[in-house]
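A structural walkthrough
Now for the letters of each chain:
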Amino acid sequence: MTFSPQLEARFDKLLKSYPPGRQRSAMIPMLMYAQDELGSVTDELVDEVARRVGVTPLQVNEVLSYYSMLHRKPLGKYHVQVCTNISCLLCDGDKLWEHACKKLGIGHKEVTADGQISLEEVECMGACSWAPAIQVNYDFEHFVTPEKLDQILDGLRKKA
Amino acid sequence: MLYNEPSPLETRVLSFRFGLPNSATLDTYLATRGYEAFRKAAGMKPEEIIEQVKISNLRGRGGAGFPTGMKWSFVPRTSPKPKYIVVNADESEPGTCKDRVLMENDPHQLIEGCLIAGLAVDAHAGYIYIRGEYRYLIEVMDKAIAEAYEKGWLGKNIQGTGFDFDLYTHSGAGAYECGEESALLESLEGKRGIPRIRPPFPAVVGAFQCPTVLNNVETYCAVPAILRDGGAAFAALGVPKAGGTKMTCLTGHVNKPGVYELRLGFPVKQMIEEVGGGIRQGRKLKAFIPGGSSCPVLTAKEVEGATMDYDSMAQRKSMLGSGGVIIMDEETCMVKAALRIMRFYAHESCGWCIPCREGTTWLRKILTRFHAGGGTRSDIDLIGDLSRNMLGRTFCPLGDAAAMPTLSIVEKFRGEFEDHLNGKPCPFERAGEMVTA
Amino acid sequence: MPDLVKLTIDGKAVQAAPGTLVIDAAKMAGIEIPAFCYYEGLTLQAACRMCLVEVEKMPKMMTACTLPVAEGMVVRTETPQVAQARKYTLEFLLTNHPLDCPVCDKGGECELQDMVFRYGAGESRYTEEKVHTPEKQFSPVVFFDAPRCILCFRCVRICNEGMGVGALGVIYRGVLSEIAPNHGDHLECDECGACIDICPVGALTSGIYRYQTRPWEMQHVGAICTHCGDGCKTTLGVRNNRIIRGNNRDHSGINGEFLCIKGRYAFDFYDHPERLQAPLVRKNGKLEEVSWSEALDTVANRFNQIRADGGTFGVIGSNHTTNEENFYLRKFAREVLATPHIDHHRTGDVTALVDALSGKTGRMATVADLYNRKAVLVLGADLAREHPLLSFQIRANYRHHQAHVYAVTPGPVREDKYAVASVRVASGGYFAALEDLRARLKAEPELVIVFDDSFKGPDVHRLVEFGESLGIPVRYICLVDYSNSRGALDMGLVPGEGGMRLDEMLAADLSALWVVGANPFKGTPGVPGSVARKARFLVVQDLFLTETAEQADVVLPAASAYEKSGTVTNTTGEVQRLKRAINTMGAKPDLEIMGFIARQMGAAGALGPWVPETVFAEIRRTVHGYDIPLPEIDTGGAAPTTPVNGRVTEAGGPRPDLIRSDHNGLFASGTLGRYSKVLNSVLEGRLDR
Ligand SMILES: Cc1cc2nc3c(=O)[nH]c(=O)nc-3n(C[C@H](O)[C@H](O)[C@H](O)COP(=O)(O)O)c2cc1C
Ligand code: SF4
Ligand code: FES
């Protein structure tokens, strides 16, 4: 499997970051970065990572299916994650979530028909003092109101 | 840069660089007494470093509050195995967002903390385990680490001291349980985030089967100040058995939410009223969680006279926890709060042990039905009963973390559960209306 | 012996070795602490929380499965708090468990059912919806029903740790956690079925056994697997004269709970549709079914006639038939047929080993030695494929005692994963490799050397010289292929003075060739490819119409190992008893067939009664090394033989070039394997070929 030179460089660095014989440690970061490039964790990627870190594909599968940020199915180009956990909830994060669903016409872990935007209701993501918060891919947006969310989503549509 | 307006009531020991121009750069760091503590520590014997940490009365800031100096002293320094420094930057406890601010605004402080810990236990490599959602912080840390390598603050023979130390960031991938120290180590080793059987504790058998110091970001960030100005000065900032300040995240229904550095023992009332600017829309306090959603919930009455420290919270049968203060006003539906908290733990249970795996899910289902108006009176007792029977019986403290808030909510707010009976709509639900704006 | 630790459990004073876990210490004292995830010999989990007990001075209840005993410890296992915890754990477990015990295969031997019965939670307060997922078929032999799974991870561990395969894992997390196979929706593994046996509930079930019966409706008969030379004990579940399952859940015998696919499932050849049900006699060039009396008369008359005419008999014996049968056959050949022409297919040079060790005692290693000795050297064989039990023992030795394992083999082997040294050699390179290892081997406190047919004749002598020169206690195992290859040699199925060997017999113009339980015409060492019969009269005793039987004048349908009694000797020279599990219509045990032939010939008197016990008594009296203690084998155990210094002598000694192992993998078993539905059904069998 071939990856971009940047990703290959990152893999190299990761594989050198752990003590000898402990290359398995690189598995999770490798999957994360590769997912960013490929859009999801494909079967091919599972086999490739297994080979590179010296474990079986089953072992990779056991690990990746444990973590909520690793996805086997492609998400939208922009993955919008709305936190509804307690601090956000107290600031109406749940209503923000409903608003997002209505606006996009999709639900939890669903992707818009054009494949551009996906939605996920997520657990606390460490933005509690700036609630309610969302993340678009890895970018945080704080103190999000329905109006602000509309703007953000419209902006994504334009970029797409 | 992520940081809120400071409050004049703060005691800025760890956060004093916040707001300085380019606070995350090495130049700013060096210009503001940065790495001074490392130089000092490099001239000290390991026991002397640990002694200063002990004197400082620093207790772990990740939630459990274990004395840090004591933890470091458990590392068998003479073991022939390599030793490791691991930073818990998984920050996933709902209500908590302080490590984020510390790393974003002052990454070198964390690096310096790791170096000093390395000196103290003879470790020469460290890993910062950063939750996957904090991707931008991995970049911030990587940049700071690269700068430190470039200028000889990491790597071989650091600043001519003869001390070698390598530091790496490591990305998590979405799992609250990986904040639990032994699950974190498993995850660091490329495995599922399942906690380990303890003993042995990480100090003896940790990362890669080697002795390991594992602390929270904030804990390491406190270390440079301790070495720089002495453990005693740090201790003096807090209360008798717990020294220093606590990065406190005010969240929920306050006017000025934010992360504030308050000395331990800071009065809760003053914190809400003055630091947090009081409760929104002039409402009254209904419930208070001192340090993340795992802590038992306190009523407004219970927090009267309370201070933000380990003992005061323990006396009230809660915990100081991680510093994630959750403030709930009188308009909050406690059933909904209990439900949301349980939903979280059910989602995050690693699935290893029966009481947590099945208990959280069962409770989530009952609470969902209950909040939707499908509850029966016997459910109220069942919720309490199930929570009580998870407590202390699970493999790791996540089960307790799920049970404690739930139990405290049914016990203290039983009336609100009764108000949901007989298909009554939630008395607090105002569909579609946002109060935030 | 370190001092014992003294503690109190439920008021009883208990002593245990340091490091003993409270759960085991309690068991020794007759106190049962319930557990699902704890499984002796596998890694600790502390996941099920069933074993929580109260320990004085501890603030919380502790898991007895992870708590080592400590001096003065006071443990309580039956307090109200403990009882309540158990009850709740069971109630939690049952929330998503389908209550389908009446149709579940495990009903009647289910650990969850037993525990609920004992510890309560009879009635559940769980009124929420249960999650349903359809049952999955992981392989022809392994089915998985996720909702029944209690996530004790025993299956994952036995596969990873016990088998060294790692074909099962856990995916997802929390309440969604699920056991998953290694290849997407299916397993590619040893198909040993250990996961099914070890499953405390009915989550993993056997494709062979499922929905066939209830455990209490079967009789359980201890038999010995009739496939490879390791000689695993397998307990056959029998109902209405049919074998329904094989397992070794009682952990008895040399293999404990271990069985490979052959031991667990490949008994199934016994009711293959092509199984011979009636004797056949060639009439007008065609084999036709006849009565037993006609067939026996035909053989007896012809034998007598050849005897009278002074013709020559050749006799080829079997690697599968019992010691009694082999002994009787030899006696028949030598005393009644008066022929020295007798042989069998050798698959390893045991003779050379026995000769090389003459004058020494205690040098033949047992299966148990592979688990107990500090170091093991494997030469040649891919044990995990060819000798699965021995491989299992070595793995367990490594896991439990950190044994040093050396693998010197032509290709990669499973032992490589944990071996202290893995060396790849081309044939002929063994001794150089051994010299390279000499210093390390010398430093071991003791060693077991396991070798296959890469070492024959002089090489075996040289290997023993090498072993003896290390100056440490060394024991040896010479690998042989089949369930009674070793017994065939020990009972003397070897040429007498002036006797022909197997290959010579096939080529010779014999008056009669009598083949008992072998298929030499399919190809034999020294005679590659199929062989056309030369002998003027050919009698074959077998289960199936093999390539050899097809050419016979008389074919006598023989009983399988599960249809007769007797003893067999495994590759390590340990004798075990076969108990008859079922009776078969039409076929007869070889011993009986031979006895009847003798009787018809009027020669029975010379041979004595053809009763297995009587023959065995004679074996114990007359065969060197077989004077073994009876109680040992009568109670289902194995007794090692001591064959050194007095084996049955063989004229001229064996010819190394005629010794050849078939190197059957896990999914093959000589001719017999072709008739096993299971071995043919699994995907791996096809991949392996
Ligand atoms: C379920 C669970 C989640 C935890 N999450 C975190 C976390 O996100 N960050 C953290 O620093 N500690 C977390 N902890 C606490 C750690 O196990 C550990 O006690 C801490 O990192 C030790 O560092 P300290 O002594 O500096 O606090 C968690 C504990 C549990 C039981
Ligand atoms: S309490 Fe048990 S199931 Fe829950 S997270 Fe801990 S180990 Fe996993
Ligand atoms: S509760 Fe939403 S970010 Fe913490």
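Residues numbered from 1 in each chain as written. Chains lettered and ligands numbered in written order. Predicted model: local features only at pLDDT ≥ 70, side-chain atom pairs only at ≥ 80, totals over all residues. Heavy atoms only, no water.

Turning our attention to the overall build of chain A. The helix and strand tally for chain A stands at seven helices and five strands. Put simply, chain A runs from its N terminus to its C terminus through helices and strands in the order α-α-α-α-β-α-α-β-β-β-β-α. A principal-axis box enclosing the C-alpha atoms of chain A has dimensions of 50 × 35 × 25 Å. Each of the 160 residues in chain A was classed as buried or not, and the buried ones make up 61%. (Helix = DSSP H or I, 4+ residues; strand = E, 2+ residues; numbered from the N terminus. Buried < 20%, exposed > 50% of the residue type's maximum accessible area, 1.4 Å probe, protein only.)

With that out of the way, let us pick up the pairing of strand 26 (residues 566-569) of chain C. Residues and elements named next belong to chain C. Both faces of strand 26 are covered, namely the face carrying Gly566 and Val568 and the face carrying Thr567 and Thr569. Looking at chain direction, strand 26 and strand 27 (residues 574-578) are connected through four bridges and run antiparallel. Bridging across to strand 27, valine 568 finds its partner in glutamine 576. Taking the residues between adjacent antiparallel strands as the criterion, strand 26 and strand 27 are bridged by four residues, where glycine 573 takes a positive phi near 75 degrees. (Pairing = 2+ DSSP bridges.)

Moving on, we get to the nonpolar core. Core analysis: the biggest nonpolar cluster contains 273 residues, and Tyr67(A), Trp72(B), Leu110(B), Ile111(B), Phe36(C), Leu112(C) and Ile179(C) have the highest contact counts within it. With residues up to four places along the chain from it excluded, the contact list for Tyr67(A) reads Ile28(A), Tyr129(B), Ala173(B), Gly174(B), Ala175(B), Cys178(B), Ser187(B), Lys191(B), Arg192(B), Gly193(B) and Arg173(C). Grouped together as the second largest cluster of nonpolar side chains are 64 residues, Ala223(C), Phe269(C), Phe313(C) and Phe332(C) included. (Core = buried A, V, L, I, M, F, W, Y, C linked by side-chain atoms within 4.5 Å. Contact = heavy atoms within 4.5 Å.)

Right, let's get into the domain arrangement of chain B. Bring the parts together and some accessible area is lost; that lost area is often taken as the interface size. All names here are of chain B. By domain assignment, chain B separates into domain 1 (26-237), domain 2 (245-329) and domain 3 (334-422). The centre of domain 1, based on its C-alpha atoms, is set 27 Å off from the matching centre of domain 2. Across the contact, 18 residues belong to domain 1 and 18 residues belong to domain 2. Of the roughly 1400 Å² buried where domain 1 meets domain 2, counting both sides, 55% is carbon and sulfur surface. (Domains from an automatic or database assignment. Buried area = accessible area lost by both parts, 1.4 Å probe.)

What follows covers the packing of aromatic side chains. Under the definition given, this model contains 39 aromatic pairs over all chains. With a centroid separation of 4.9 Å and 70 degrees between ring planes, the pair formed by Phe344(B) and Tyr345(B) is classed as edge-to-face. Tyr345(B) sits in the buried class, given a relative accessible area of 0%. The rings of Tyr29(B), Tyr35(B), Phe38(B), Trp153(B), Phe163(B) and Phe165(B) are connected pair by pair, giving a single aromatic cluster. Between the NZ or CZ atom of Arg173(C) and the centre of the ring of Tyr66(A), over which it lies, the distance is 5.5 Å. (Phe/Tyr/Trp six-rings, centres within 6.5 Å; stacked < 30°, edge-to-face > 60°. Lys NZ or Arg CZ within 6 Å of the ring centre and 35° of its normal.)

Residues and elements named next belong to chain A. Looking at the element boundaries, valine 144 is found in the loop between strand 5 (139-141) and helix 7 (146-159). Of the residues examined, valine 144 reaches a relative accessible area of 0% and is grouped as buried. A C-alpha to C-alpha distance of 9.8 Å links valine 144 and aspartate 92, two positions 52 residues apart in sequence. Once residues lying within four places of it in the same chain are set aside, the contact partners of valine 144 are Leu96, Pro132, Ala133, Ile134 and Leu149.

Residue and element names in this part refer to chain B. Read across the sheet, five strands follow the order 6-5-11-8-9 without closing on themselves; strand pairing throughout is mixed. Pairing within the sheet leaves two strands with one partner each, and these edge strands are strand 6 (258-263) and strand 9 (298-299). Summarising the sheet, strand 8 (residues 285-289) and strand 9 pair through two bridges and their orientation is antiparallel. From the neighbouring strand, phenylalanine 288 faces strand 9, where its bridge partner is leucine 298.

To continue, consider the interface of chain C and chain A. Residue-level contacts link eleven residues of chain C with seven residues of chain A. Across the interface of chain C and chain A, roughly 680 Å² is buried in total on both sides, 57% from carbon and sulfur atoms. Taken as a group, Ile171(C), Tyr172(C) and Arg173(C) account for 57% of the area that chain C buries against chain A, more than any other trio of residues on that side. Counting every contact that joins chain C to chain A gives zero salt bridges. Remark: the boundary between chain C and chain A carries three residue pairs in polar contact (both at pLDDT 80 or more). Counting only elements with at least two residues in the side of chain C that touches chain A, the list comes to strand 8 (168-171) and strand 9 (178-181) of chain C. (Salt bridge = Lys/Arg side-chain N within 4 Å of Asp/Glu carboxyl O. Polar contact = N/O pair within 3.5 Å; in protein donor to acceptor, adjacent residues only side chain to side chain.)

Right, let's get into the side chain of His170(B). Within the secondary structure, His170(B) is located in strand 3 (residues 166-171). One polar contact links His170(B) to Tyr18(A), side chain to side chain, over a distance of 2.6 Å. The residues contacting His170(B), other than those within four sequence positions of it, are Tyr18(A), Ser25(A), Pro29(A), Ile128(B), Tyr129(B), Ile130(B), Ser187(B) and Leu188(B).

Listed by partner, the interface residues are 52 residues for chain A and 72 residues for chain B. Together chain A and chain B conceal approximately 4800 Å² of surface at their shared face, both sides included; 58% is due to carbon and sulfur atoms. Contact with chain B buries area across many residues of chain A, yet Tyr66(A), Leu90(A) and Trp130(A) alone supply 15% of it, more than any other trio. Seen at the junction of chain A and chain B, the total is five salt bridges. A salt bridge links Arg22(A) to Glu189(B), with the shortest nitrogen-to-oxygen separation between them at 3.8 Å. Of all the elements in the fold, those that place two or more residues in the side of chain A that touches chain B are helix 1 (5-15), helix 2 (27-38), helix 4 (57-64), helix 5 (86-90), helix 6 (93-104) and strand 3 (117-122) of chain A. When residues of the side of chain A that touches chain B are assigned to their parent elements, the largest contribution, six residues, is made by helix 2 of chain A. Within the side of chain A that touches chain B, the residues separate by chemical class into 28 nonpolar, twelve polar and twelve charged. (Nonpolar A, V, L, I, M, F, W, Y, C, P; charged D, E, K, R; others polar.)

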